[in-house]
Amino acid sequence: MDYTLTGELVGLRLVRDADLESFVAWWSDPRTLVTMAGGKLVARPAEQVAETFRLWSSNQGSDAGLAVVELATGELIGHIALYGATVKDRCATLNVMIGAPYQGRGLGTDAVRTIIGYGFTGLGLHRIELTVNGDNPAAIAAYRKAGFVEEGRLREAFFQGGRWQDFVRMGVLAREFREGAAPIAVADSDSDPDADAAMRIEVFVADLDVFVDFYTRVLGFSIADDRRTSQSPYAAVALGTVRIGAVRAWTEVDRAARSVPTGTEIVLEVADVRAAYQRAVDSGWPIADGLTERPWGLLDFRVFDPDGYYVRVTSR
């Protein structure tokens, strides 16, 4: 399966015509509609609903609309979208629909964490916001797990289910996501707090071939997943337990914005930093900061990758 973005539990991919039938069915399901803020419990013609999802999934400009698929089963489970961001404000609205049979399993939370991670690190957004039905505590809790905070409540703003209900406004800022974004999957309350954890990096690049060349030729990674010629191009490289995946950026890459002190630093610990440094030098790639013993006792060197990410290769 070709995914544009991957989380711990779900993958996000481009929407296909075959997905629309499921979207229409879920959109018309009262169990789904009651979870949506202000959702009208009135059926709409199937073609109108399908056209709505086509529009949300056209991915024009900085908008992103994707199908949500459960990784474990390969089943389509919903749709998720970021839309409405402007160059000046860099604020997008999140909309997510998870089919009723797949709710309550953490899949929606993982989908939200995955797409807002892309919004902040790939699209350069500053803020992501949403509106949720105040009578849907499960959805509110899921959004909180994904990093959103409640910012306000419009009391008795819409009529549904025979009574007046609230709109709840929630939002998350880029700096808040960065501070708490390490684990994507949210553990159950009864899970083992000492269980092993793993983390991988997904980056968004201008050219997948250049990305692969840099990490394999300059830093000695091997190719772990090569789908550069697929309908949804993707590549991943690995070195030991380190894995870096890449998808092609949907907008022009701003390399300067990705560098320190405002961007991202990728720290790679290696057993023989001198050998790694020599490999990088022999490759001919520009070295940003040569092999240096730091005050904290480690030896490292630093390079910029082709897309502006700052890579620090250090001893352990």
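Described in the following lines is the structure provided in the data block.

Rules used in this analysis
Residues numbered from 1 in each chain as written. Predicted model: local features only at pLDDT ≥ 70, side-chain atom pairs only at ≥ 80, totals over all residues. Heavy atoms only, no water. Buried < 20%, exposed > 50% of the residue type's maximum accessible area, 1.4 Å probe, protein only. Helix = DSSP H or I, 4+ residues; strand = E, 2+ residues; numbered from the N terminus. Pairing = 2+ DSSP bridges. Axes fitted to C-alpha atoms, helices over the stretch in contact; angles between N-to-C directions. Phe/Tyr/Trp six-rings, centres within 6.5 Å; stacked < 30°, edge-to-face > 60°. Contact = heavy atoms within 4.5 Å. Salt bridge = Lys/Arg side-chain N within 4 Å of Asp/Glu carboxyl O.

1. Some points on the pairing of strand β3 (residues 64-70)
- The element β3 is largely enclosed, with a buried count of seven among its seven residues.
- Across four bridges, strand β2 (residues 10-13) lies against β3 in antiparallel orientation. Counted as the bridge partner of Gly-11 is Val-69 from β3.
- Taken together, the six bridges between β3 and strand β4 (residues 76-83) define a ladder with antiparallel strand orientation. Pairing of Val-69 across the sheet is with Leu-76, part of β4.
- The antiparallel pairing of β3 with β4 creates a hairpin that spans five residues between the two strands, and Gly-74 there sits at a positive phi of about 75°.

2. Some details on the sheet that holds strand β11 (residues 234-239)
- Taking strand neighbours across the sheet as the criterion, the four strands line up as β9-β12-β11-β10 in an open arrangement whose pairing is mixed. Only two strands of the sheet have a single partner each, and these edge strands are β9 (201-205) and β10 (222-227). Adjacent strand axes in the sheet meet at a mean angle of 20° when their direction is disregarded.
- By the bridge criterion, six bridges tie β11 to strand β12 (residues 242-248) in an arrangement that is antiparallel. Bridge assignment links Ala-238 to a residue of β12, and that residue is Arg-243.

3. Remarks on the packing of aromatic side chains
- Summed over all chains, the structure comprises 17 aromatic pairs.
- Centre to centre, the rings of Phe-211 and Tyr-215 are 5.1 Å apart; their planes meet at 50°, and the pair counts as tilted. With a gap of four residues between them, Phe-211 and Tyr-215 both fall in helix α7 (residues 208-218), about one helical turn apart.
- With a relative accessible area of 0%, Phe-211 lands in the buried category.
- Owing to a relative accessible area of 1%, Tyr-215 belongs among the buried residues under this scheme.

4. Some details on the environment of Gly-308
- Relative to the elements of secondary structure, Gly-308 occurs in the loop between β15 (299-304) and β16 (310-314).
- Along the primary structure Gly-308 and Arg-255 are separated by 53 residues, whereas in three dimensions their C-alpha atoms are 4.2 Å apart.
- Gly-308 has contacts with Arg-255, Arg-258 and Ser-259, leaving out every residue within four places of it along the chain.

5. Details of the pattern of salt bridges
- Inspection of the entire model under this criterion finds 19 salt bridges.
- Where Glu-129 meets Arg-127, a salt bridge forms, and the shortest distance between an N and an O atom there is 3.1 Å.
- Its salt-bridge partner being Arg-228, residue Asp-209 comes within 2.9 Å of it at the nearest N-O pair. Here the residue Asp-209 occupies a position in helix α7, and Arg-228 occupies one in the loop between β10 and β11, the gap between them amounting to 19 residues.
- Given a relative accessible area of 48%, Asp-209 falls into the partly exposed group.
- The exposure class assigned to Arg-228 is partly exposed, which follows from its relative accessible area of 25%.
- It is possible to trace a salt-bridge network through shared partners that takes in Arg-144, Glu-150, Arg-153 and Asp-166.

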